[in-house]
Amino acid sequence: MSSGQAMDTNCMTLTRYILEEQRKHKTATGDLTQLLTAIQAAVKAVSSAVRKAGIAELYGIVGEVNVQGEEVKKLDVLANELFVNLLKSSYQTCLMVSEENENVIEVETDKHGKYIVTFDPLDGSSNIDCLVSIGSIFAIFKKQSSGRPTVQDALQAGNKVVAAGYALYGSATMMVLSTGNGVNGFLLDPAIGEFILTDSSMKVKPRGKIYSINEGYQGKWDQSTLEYVNSKKEGAKPYGLRYVGSMVADVHRTLKYGGIFMYPATTDAPSGKLRLLYECIPMAYIMTQAGGAATTGKEDVLDVVPTKIHQRVPIVLGSTEDVEDYLQIVKKHTDKGEM
């Protein structure tokens, strides 16, 4: 007999979880299940590519600049192609919005489904070459109009999200998902090639002890952000600063340990830097489903109606009490006419 731990013969895989969630809805068609299965396959493929990137010579840049003005990495291109092709082949999408594509991606008519997927295939790609954790982010919307899909169909507020999640490629590969009924985390077991439920009903603490922000931009913040961050350094028990520079990694830590993640507006980027449709909305949805909060400083992130597919917004998310502290300071400065 082996002294090792016995294998769980009745483990909850991500596929099984999605199927069980489907069965709770008597009118479910299985279309969302099929779409989430395709996203799961894309995440597994990207995870494999990330693990062997050095050996396969996937590090480095392609020599192009994407629509965001960022240098395109080889892994960026591969991850984007994987997501696009696997989503198309699910027969459940009609339109896609990717960080890597300037325009919406229209799916061939014979492969049309009723869903729209917005995604960042490889978030934090500037960290690829130095082996810092990176990830994928996605949100799923249902097409609201009849007829041929247009850009307008993709411009939906976060309160219309059907499902959202992210994958983190770190010391292990984890997929965090919400279909509107809480948040669950699944770790990829490479031995069987399946995501296994390890973090059930994830909840963010009401208050944390960590703040996460790029303090290199301190001289370009507004007075509210400056006052809030300075307040976290004071008192008998000041907060700790943790900042990776990869949104998936920073938000995942905030979800697990509590606290606040901030990417506010600056004088250089008065509209913020992170993209609404495929970064801010999915992460705000996850954090809200986990009992946290997400704001632009002026309104709930999930209430913002996009006007363009690559729209940027400021974002502050995390533990409800921490976010509320920030909003109280914003209100104080607004009332003084400083905002």
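Quick caveat: nothing in here was measured; it's all calculated off a predicted structure.

S.K.: Can you help me understand the sheet that holds strand β15 (residues 293-295) in this one?
M.R.: Strand pairing in a sheet is mediated by backbone hydrogen bonds. Such pairs are either parallel or antiparallel. Taken in spatial order, the five strands make up an open sheet running β12-β11-β13-β17-β15, and their pairing is mixed. Edge strands, defined here as strands with exactly one partner in the open sheet, are β12 (240-241) and β15. Relative to β12, strand β11 (residues 210-212) is paired through two bridges, and the arrangement is parallel. Paired with I210 across the two strands is G240, which belongs to β12. Of the strands in this sheet, β11 and β13 (260-263) are in contact with helix α5 (residues 223-232), which crosses β13 at around 150 degrees. Those strands touched by helix α6 (residues 247-257) are β11, β13 and β17 (315-318), and its axis lies near 150 degrees from that of β13.

S.K.: Can you walk me through the nonpolar core in this structure?
M.R.: Across soluble globular proteins, nonpolar side chains show a tendency to be buried alongside one another. Membership of the largest hydrophobic core comes to 46 residues, with the highest contact counts inside it found for L255 and I315. Only β3 (93-98), β6 (134-142), β7 (161-169), β8 (173-178), α6, β13, α7 (276-289) and β17 provide two or more residues apiece to this core. By residue number, the principal contributor to this core is α7, which donates ten residues. Beyond its immediate sequence surroundings of up to four residues, L255 is in contact with Y166, V176, M202, K203, V204, I286, M287 and A290. Of all hydrophobic cores here, the second largest spans 36 residues; its members include L122, I128, I140 and L177.

S.K.: Can you walk me through the environment of K256 in this structure?
M.R.: Inspection of the secondary structure assignment puts K256 in helix α6. Note: C-alpha distance between K256 and G158 (98 residues apart in sequence) is 22 Å. When near neighbours in sequence (up to four residues on either side) are disregarded, K256 contacts D199 and M202.

S.K.: It is not clear to me how the packing of aromatic side chains should be interpreted in this structure. Could you clarify?
M.R.: Tallied over the entire structure, the rule returns three aromatic pairs. Here the basic side chain of K232 rests over the ring of Y239, its NZ or CZ set 4.2 Å away from the ring centre.

S.K.: Quick question: what am I supposed to make of the packing of α5 against helix α8 (residues 320-335) here?
M.R.: The geometry of a pair of packed helices is captured by two quantities: the angle between their axes and the separation between those axes. Closest axis-to-axis distance for the α5/α8 pair is 9 Å, and the angle between their directions is 135 degrees. Taken together, the axes of α5 and α8 are oblique relative to one another. Regarding α5 and α8, the two cross each other, and that crossing is right-handed. Where α5 abuts α8, its residues Q223, S224, T225, E227, Y228 and K232 lie against D322, D325, Y326, I329, V330, K332 and H333. Taken together, the residues that form the contact of α5 with α8 break down as four nonpolar, four polar and five charged.

Definitions and cut-offs
Going along each chain's sequence as written, the residues are numbered from 1 onward. Per-residue local features are limited, in this predicted model, to residues with pLDDT of at least 70; the limit for side-chain atom pairs, both in listing and counting, is 80 or more; totals at the level of whole chains, interfaces and linings are taken over all residues. The side-chain quantities take in all heavy atoms of the structure and omit both hydrogens and water. For two strands to be treated as a pair, DSSP must find no fewer than two bridges joining them. A run of H or I in DSSP becomes a helix once it reaches four residues, and a run of E becomes a strand once it reaches two; helices and strands are each numbered from the N terminus. Any two residues whose heavy atoms approach within 4.5 Å at even a single point are treated as in contact. Only the stretch in contact is used when fitting a helix axis, every axis being a line fitted to C-alpha atoms; angles between N-to-C directions are given from 0 to 180 degrees. The set of buried Ala, Val, Leu, Ile, Met, Phe, Trp, Tyr and Cys residues whose side-chain atoms join them within 4.5 Å is what this entry labels a nonpolar core. In this scheme, a residue with accessible area under 20% of its type's maximum is buried, one over 50% is exposed, and one in between is partly exposed, where area comes from a 1.4 Å probe on protein chains only. Here the aromatic set is Phe, Tyr and Trp, taking the six-membered ring for Trp, and pairing holds for ring centres within 6.5 Å; pairs whose planes are under 30 degrees apart are stacked, those over 60 apart are edge-to-face, and all others are tilted. Lysine and arginine charges are scored as sitting over a ring when NZ or CZ, respectively, is within 6 Å of the ring centre and within 35 degrees of the ring normal. Any angle that falls under 35 degrees is termed roughly parallel, while one over 145 is termed roughly antiparallel, one within 65 to 115 roughly perpendicular, and all others oblique. Left-handed describes a crossing in which the near helix is turned anticlockwise from the far one by less than a right angle; the clockwise case is right-handed. Residue polarity follows a fixed list, in which Ala, Val, Leu, Ile, Met, Phe, Trp, Tyr, Cys and Pro are nonpolar, Asp, Glu, Lys and Arg are charged, and the others, Gly among them, are polar.

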